[in-house]
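# Summary of structural features
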Amino acid sequence: MDGYLDRYLADIPDRVWHEYLWSHDRHCHRIEPELREQSAQAAAWIGISASRRIIAGHSAVSIKNLIEAAGCRIEKVPDDPLKQLRPYLFAEFEEPDRITVYEERVSKVQQFLEKERLGVFNNSSAEEIILAHEFFHFLDYEGKLTDGISRIRITAFGKLKLHVRASALAEIAAMAFARDLLALNVHPCILDLILVHNGSFS
Ligand SMILES: [Zn+2]
């Protein structure tokens, strides 16, 4: 890992990405920043723990094989049919057992990784990172390895105090899972950044 961009990306602290993921959650503005970060750290740890348990049982197996062996299907389609509504989605997990990958977006980011020769992803392809993220959602849905995520409940402040299950926490856990499983040197949210900037940082 030596280029300027590698160092720049690796220096962005996790809490920045946690807040980025929180910003897409409808509960975000009702939860105090300190509580957002505390719960994000708890969620990230659940993702890391799930990854460690998988690594312990299956070293050197490709992410695609892991997913298929777990009974989940991977489908690849050119683009998201709802792309006007959600321009930055790479893939999604659909219950009970399907991961759909939007190939045009993934390959756009992959081309950028290759052009810039980024080392921060530890030779993982954009597709592997995205698959690892979605695999966590599958495991979470099945209730395997991820017990605990549904127990993180946070109190949102407003006129009423209410306990919510925030979607941001599942995203944070899935990102931490992918990062740990593939031994990435940076937060996987960087793929979003690359897609948003369309491969142009200048
Ligand atoms: Zn996700």
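Only a predicted model underlies this, so the values are computations on that prediction, with no experimental measurement involved.

### Considerations on the nonpolar core
- One finds A132, I172, A173, F177 and A178 to be the most contacted residues of the largest nonpolar core, which totals 54 residues.
- For I172, the contacting residues outside a window of four places in its chain are H18, L21, A40, A43 and A44.

### Some thoughts on the packing of helix 2 (residues 14-22) against helix 7 (residues 167-181)
- Where helix 2 contacts helix 7, the axes come no closer than 9 Å and their chain directions differ by 140°. Classified by the angle between their axes, helix 2 and helix 7 sit oblique to one another. Between helix 2 and helix 7 the crossing geometry is right-handed. Contacts from H18, L21 and W22 of helix 2 reach helix 7 at A168, E171 and I172.
- A per-class count over the contact of helix 2 with helix 7 returns 4 nonpolar, 1 polar and 1 charged.

### Looking at the sheet that holds strand 1 (residues 73-77)
- If you trace the 3 strands from one edge of the open sheet to the other, you get 1-3-2, paired in mixed fashion. The sheet is open, and its two borders are formed by strand 1 and strand 2 (91-94), each paired with just one other strand. When the angles between neighbouring strand axes are averaged without regard to direction, this sheet yields 20°.
- Where strand 2 lies against strand 3 (residues 98-102), 4 bridges are found, and the strand directions are antiparallel. Residue pairing for strand 3: A91 is matched across the bridge by V101.
- In the packing of helix 5 (residues 103-116) onto the sheet, the strands contacted are strand 1 and strand 3, and the crossing angle to strand 3 comes to about 60°.
- Contacting strand 1, strand 2 and strand 3, helix 6 (residues 126-142) crosses the sheet at an angle of about 20° to strand 2.

### Overview of the packing of helix 5 against helix 6
- Relative orientation of the contacting elements helix 5 and helix 6 amounts to 130°, with a least axis distance of 8 Å. When the axes of helix 5 and helix 6 are compared, the pair comes out oblique. Facing helix 5, whose interface residues are V106, V109, Q110 and L113, helix 6 presents A126, E127 and I130.
- The class makeup of the residues in the contact of helix 5 with helix 6 is 5 nonpolar, 1 polar and 1 charged.

### What to know about the pairing of strand 3
- The pairing of strand 1 with strand 3 spans 5 bridges and is classified as parallel. If you follow R73 over to strand 3, its bridge partner there is R98.

Conventions and cut-offs
- Per-chain numbering applies: the sequence of each chain, read as written, is numbered from 1 onward.
- With the structure being a predicted model, the display of local features is reserved for residues of pLDDT at least 70 and the display and counting of side-chain atom pairs for 80 or more, all residues being used for whole-chain, interface and lining totals.
- In these notes, a nonpolar core means any group of buried Ala, Val, Leu, Ile, Met, Phe, Trp, Tyr and Cys residues linked to one another through C-beta atoms within 7 Å.
- Using C-beta atoms placed from the backbone, we call a residue buried if 20 or more other C-beta atoms fall within 10 Å of its own, exposed if 12 or fewer do, and partly exposed for counts in between.
- What counts as a contact here is a pair of residues whose C-beta atoms, placed from the backbone, lie within 7 Å.
- The axes are straight lines fitted to the C-alpha atoms, using for helices just the contacting stretch, and the angles between their N-to-C directions are given from 0 to 180°.
- Under the scheme used here, helices are H or I runs from DSSP no shorter than 4 residues and strands are E runs no shorter than 2 residues, and both carry numbers assigned from the N terminus.
- Roughly parallel means an angle under 35 degrees; roughly antiparallel means over 145; roughly perpendicular covers 65 to 115; every other angle is labelled oblique.
- For any pair of crossing helices, the crossing counts as left-handed if the nearer helix is rotated counterclockwise from the farther one by less than a right angle, and right-handed if it is rotated clockwise.
- Side-chain classes follow a simple rule in which Ala, Val, Leu, Ile, Met, Phe, Trp, Tyr, Cys and Pro form the nonpolar group, Asp, Glu, Lys and Arg form the charged group, and the remainder, Gly included, forms the polar group.
- Strand pairing is defined by DSSP finding a minimum of two bridges between the two strands.

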